[in-house]
Amino acid sequence: MPETEIIQLDNPGNPTPGDREKLRAAGARIREGALAAFPTETVYGLGGDALNPESSRRIYAAKGRPSDNPLIVHVCSLEAIDRIADTSDPNFAKLADAFWPGPMTLILPKKEIVPRETTGGLETVAVRMPSDPVAALLIEYAGGYIAAPSANLSGRPSPTDAEHVIQDLGGRVELIIDGGENPIGLESTIVDLTVPDPVILRPGYITDKMLAEALGRPVETDRAILDPDSGKAPKAPGMKYRHYAPKGELTIVEGEESAVLAYLREAVQKAHGSGRKVGLIVTAEHAQALKADVLRCIGSRNREDEIAHNLYRILREFDDEQVEVIYSEGFADTGLGQAIMNRLLKAAGHRVVRV
Ligand code: TXA
Ligand code: MG
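Bear in mind the structure is a predicted one, so any value in this text is a computation, not a measurement.

**Let's talk about the sheet that holds strand E5 (residues 104-109)**
The strand order across the open sheet formed by eleven strands is E1-E8-E2-E3-E7-E4-E6-E5-E9-E10-E11, and the pairing between neighbours is mixed. Edge strands, defined here as strands with exactly one partner in the open sheet, are strand E1 (5-8) and strand E11 (220-221).

The structure is reproduced here in structure tokens:
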């Protein structure tokens, strides 16, 4: 078991010369085969050298992740991508120009140099150029290619703060770089470019509308992730696992406002009647009107960025508080709401009550 060193930075938003020195040293460690958790604009990543099969094997082991679930290769320049993937699809340039660096991952045909260990045995590779300045510097210093899944233990919510990473990976990786809270808080949008018509494999901050505008045509979302009963396997192998799940049983309650409030009040009563600790995830508009053992306000209903930013932290807090039953309000299923509802539905194992 490695001893974990926590690296504190003076100014993660705009790294100082001292911060750069620390990141240079961390990059050198990655090149030697070490694992380092690091901040990005979405969630924390668990990074290793993407071109070193042994590093990828160690990432799977540290996360407790099935090895058929491929890793995303993080780069810090467009030029670096030609070495690892085929970028000749004209849609590549359109999306890369519009959204990189940023919270988007593209699936491309892989080149020989990328080990099968990194791509979970696939002939395609997921590539992302993060905008976070700490991530960009670390990638450069590590030699240009960092394989990184989210830095949580398999099955837990993705970490959105260094504290979450320390909980999950302390004693399992060599380095954890503390960059504070991640601004977005949900994982990147994944778009498959290995098929004739681009498909969204995982919704995220970059919405279907934004992608359609950049491509000049509508973009579909993988049917299997919208409808768990479609009988199809999702094309992103990771989307089939029951991710993001809190330990308590989570139910989403949807419907007309007053009916939802009445249902939530009754659900809290019932849980208490059976002696169970109950938690609620509510919007700011309803936080005063409800009570529970653990009540968490996720943000204002018309601020989807706040809701996205707070979701994973709140799911972790319910675990810390050992809440046994959880109810959440539902959210609009458009724009960033698509990504929010995708993660919330997975956390709830698709348990939804309509009132
Ligand atoms: O925002 C993010 O994307 C974060 C940060 C750290 O960059 N990373 C992240 O990685 O969410 P991870 O490993 O937790 O999720 C990667 C997803 C998985 O669902 C995986 O199956 C899918 O990407 N994926 C990776 N390579 C793929 C490929 N070649 N084809 C299809 N899906 C792929
Ligand atoms: Mg993940």
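After presenting the structure, the write-up continues.
**Here we look at the domain arrangement of the protein chain**
Annotation of the protein chain at the domain level lists domain 1 (5-226) and domain 2 (249-354). Centre-to-centre separation of domain 1 and domain 2, based on C-alpha positions: 29 Å. Taken together, the 27 residues of domain 1 in the interface contact 16 residues of domain 2. Together, the buried faces of domain 1 and domain 2 total about 1800 Å²; carbon and sulfur atoms form 51% of this surface. Run the count over domain 1 and domain 2 and you get three salt bridges. The shortest N-O distance in the salt bridge between Asp168 and Arg316 comes to 2.9 Å. Viewed at the interface, domain 2 and domain 1 are joined by eleven residue pairs in polar contact (both at pLDDT 80 or more). Elements represented by at least two residues in the side of domain 1 that touches domain 2 include exactly helix H5 (162-169) and helix H7 (223-226). Ranked by residue count, the leading element in the side of domain 1 that touches domain 2 is H5, at three residues. Partitioning the side of domain 1 that touches domain 2 into residue classes produces ten nonpolar, eleven polar and six charged.

**What about the site of ligand 1?**
Lining the immediate environment of ligand 1, one finds 29 residues, of which Thr42, Asn69, His74, Ser188 and Gly238 sit closest. Take Thr124: an N or O atom from its side chain is 3.0 Å from a nitrogen atom of ligand 1. For ligand 1, an oxygen atom lies 2.9 Å from a polar atom in the side chain of Arg202. Alone, ligand 1 offers 680 Å² of accessible surface; in the complex the protein occludes 98% of this. If you list the elements that add at least two residues to the shell around ligand 1, you get strand E4 (72-74), strand E6 (124-128) and strand E10 (199-202). Counting residues per element, the shell around ligand 1 draws most heavily on E6, which supplies four residues. In terms of residue class, the shell around ligand 1 is made up of 16 nonpolar, eight polar and five charged.

**Quick notes on the packing of helix H9 (residues 304-320) against helix H10 (residues 336-347)**
Axis separation between H9 and H10 bottoms out at 9 Å; the angle between their running directions is 20°. Our classification of the angle between H9 and H10 gives roughly parallel. Note on packing geometry: the crossing formed by H9 with H10 is left-handed. For the pair H9 and H10, contact is made by Glu304, Asp305, Ile307, Ala308, Leu311, Tyr312 and Leu315 and by Leu336, Gly337, Ile340, Arg343, Leu344 and Ala347, respectively. Here the contact of H9 with H10 is composed, by residue class, of nine nonpolar, one polar and three charged.

Rules and cut-offs
- Residues numbered from 1 in each chain as written.
- Chains lettered and ligands numbered in written order.
- Predicted model: local features only at pLDDT ≥ 70, side-chain atom pairs only at ≥ 80, totals over all residues.
- Heavy atoms only, no water.
- Pairing = 2+ DSSP bridges.
- Helix = DSSP H or I, 4+ residues; strand = E, 2+ residues; numbered from the N terminus.
- Domains from an automatic or database assignment.
- Contact = heavy atoms within 4.5 Å.
- Buried area = accessible area lost by both parts, 1.4 Å probe.
- Salt bridge = Lys/Arg side-chain N within 4 Å of Asp/Glu carboxyl O.
- Polar contact = N/O pair within 3.5 Å; in protein donor to acceptor, adjacent residues only side chain to side chain.
- Nonpolar A, V, L, I, M, F, W, Y, C, P; charged D, E, K, R; others polar.
- Near = heavy atom within 4 Å.
- Areas by Shrake-Rupley, 256 points an atom, 1.4 Å probe, with all protein chains shown as cover.
- Axes fitted to C-alpha atoms, helices over the stretch in contact; angles between N-to-C directions.
- Parallel < 35°, antiparallel > 145°, perpendicular 65-115°, else oblique.
- Left-handed = near helix turned anticlockwise from the far one by under 90°.

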